[in-house]
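# Coordinate analysis (summary)
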Amino acid sequence: MIEFQDVDFQDLYEENGILLTDCEDQRVAIGDGFDYKNIYAFMNAFSNEYSLDVLAQDLGFEDGERFLKQLSINKVSTNALTSDIMYYFKGHYASDLDPLDFGYDPEEEARLEAEDFKYDQAVGK
């Protein structure tokens, strides 16, 4: 799995992505602009690295085959899968996390962007 780095938190926060905090002892990001752009990309990568059976068992199924059958029979929604993945891997939406814990201050960022805008206007950009 590709581990999340704190320096990428601003992008995750602005994208309102998901941070899984306990994915095989790593933190993993899910969101547009990240290696795992959505829950399906994450599930695919996890299954490729650890096997579909491991993912299925982590989510409370006997094996990968039963997991896939349940997805098919119940027509499981993306929201339900996301909730299950977030629950098992102790995930949080970036917007629910304290950005300061990751060295990112949205208010300071907005202030700096406003200053940059004023400067650009002053020099005619």
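Anything mentioned here points back to the structure above.
Residues numbered from 1 in each chain as written. Predicted model: local features only at pLDDT ≥ 70, side-chain atom pairs only at ≥ 80, totals over all residues. Heavy atoms only, no water.

### Some words on the nonpolar core
- Counting residues in hydrophobic clusters, the biggest one holds 20 residues, and the most contacted among them are Met-1, Leu-20, Phe-42, Met-43, Ile-85 and Phe-89.
- For this core, the secondary-structure elements that each account for two or more residues are strand S1 (18–23), strand S2 (26–30), helix H2 (39–50), helix H3 (52–58) and helix H5 (78–88).
- If one sorts the elements of this core by residue count, H2 sits on top with five residues.
- Beyond its immediate sequence surroundings of up to four residues, Phe-89 is in contact with Leu-20, Thr-21, Asp-22, Cys-23, Phe-42, Phe-46, Leu-55 and Asp-58.
- The next biggest cluster of nonpolar side chains, apart from the first, holds ten residues, and it includes Phe-4, Ala-94, Leu-97 and Phe-102. (Core = buried A, V, L, I, M, F, W, Y, C linked by side-chain atoms within 4.5 Å. Buried < 20%, exposed > 50% of the residue type's maximum accessible area, 1.4 Å probe, protein only. Helix = DSSP H or I, 4+ residues; strand = E, 2+ residues; numbered from the N terminus. Contact = heavy atoms within 4.5 Å.)

### Thoughts on the sheet that holds S1
- The strand order across the open sheet formed by three strands is S2-S1-S3, and the pairing between neighbours is antiparallel. The open sheet is flanked by S2 and strand S3 (91–93), the only strands paired with a single partner. This sheet shows a mean twist of 20 degrees between the axes of neighbouring strands, independent of strand direction.
- With four bridges joining them, S1 and S2 adopt antiparallel strand pairing. The residue bridging Leu-19 from the neighbouring strand is Ala-29, located in S2. (Pairing = 2+ DSSP bridges. Axes fitted to C-alpha atoms, helices over the stretch in contact; angles between N-to-C directions.)

### Examining the pattern of salt bridges
- Going through the model one piece at a time under the given rule, you end up with four salt bridges.
- With its nearest N and O atoms 2.8 Å apart, the salt bridge here joins Asp-6 to Arg-27. Of this pair, Asp-6 sits in the segment before helix H1 (9–15) while Arg-27 sits in strand S2, and the two are 21 residues apart along the sequence.
- You can call Arg-27 partly exposed: its relative accessible area is 25%. (Salt bridge = Lys/Arg side-chain N within 4 Å of Asp/Glu carboxyl O.)

### Regarding the side chain of Asp-58
- As for its placement among the helices and strands, Asp-58 is situated in helix H3.
- Despite being buried, Asp-58 has no salt bridge partner; Lys-90 is the closest side chain of opposite charge, sitting 11 Å away.
- In contact with Asp-58, other than residues within four places in its own chain, are Glu-24, Phe-46, Tyr-88 and Phe-89. (Lys, Arg positive; Asp, Glu negative; His and termini not counted.)

### Quick look at the pairing of S1
- Counted between consecutive antiparallel strands, the loop separating S1 from S2 contains two residues, among which Glu-24 sits at a positive phi close to 55 degrees.
- Where S1 lies against S3, three bridges are found, and the strand directions are antiparallel. Looking across to S3, one finds that Leu-20 is bridged to Gly-91.

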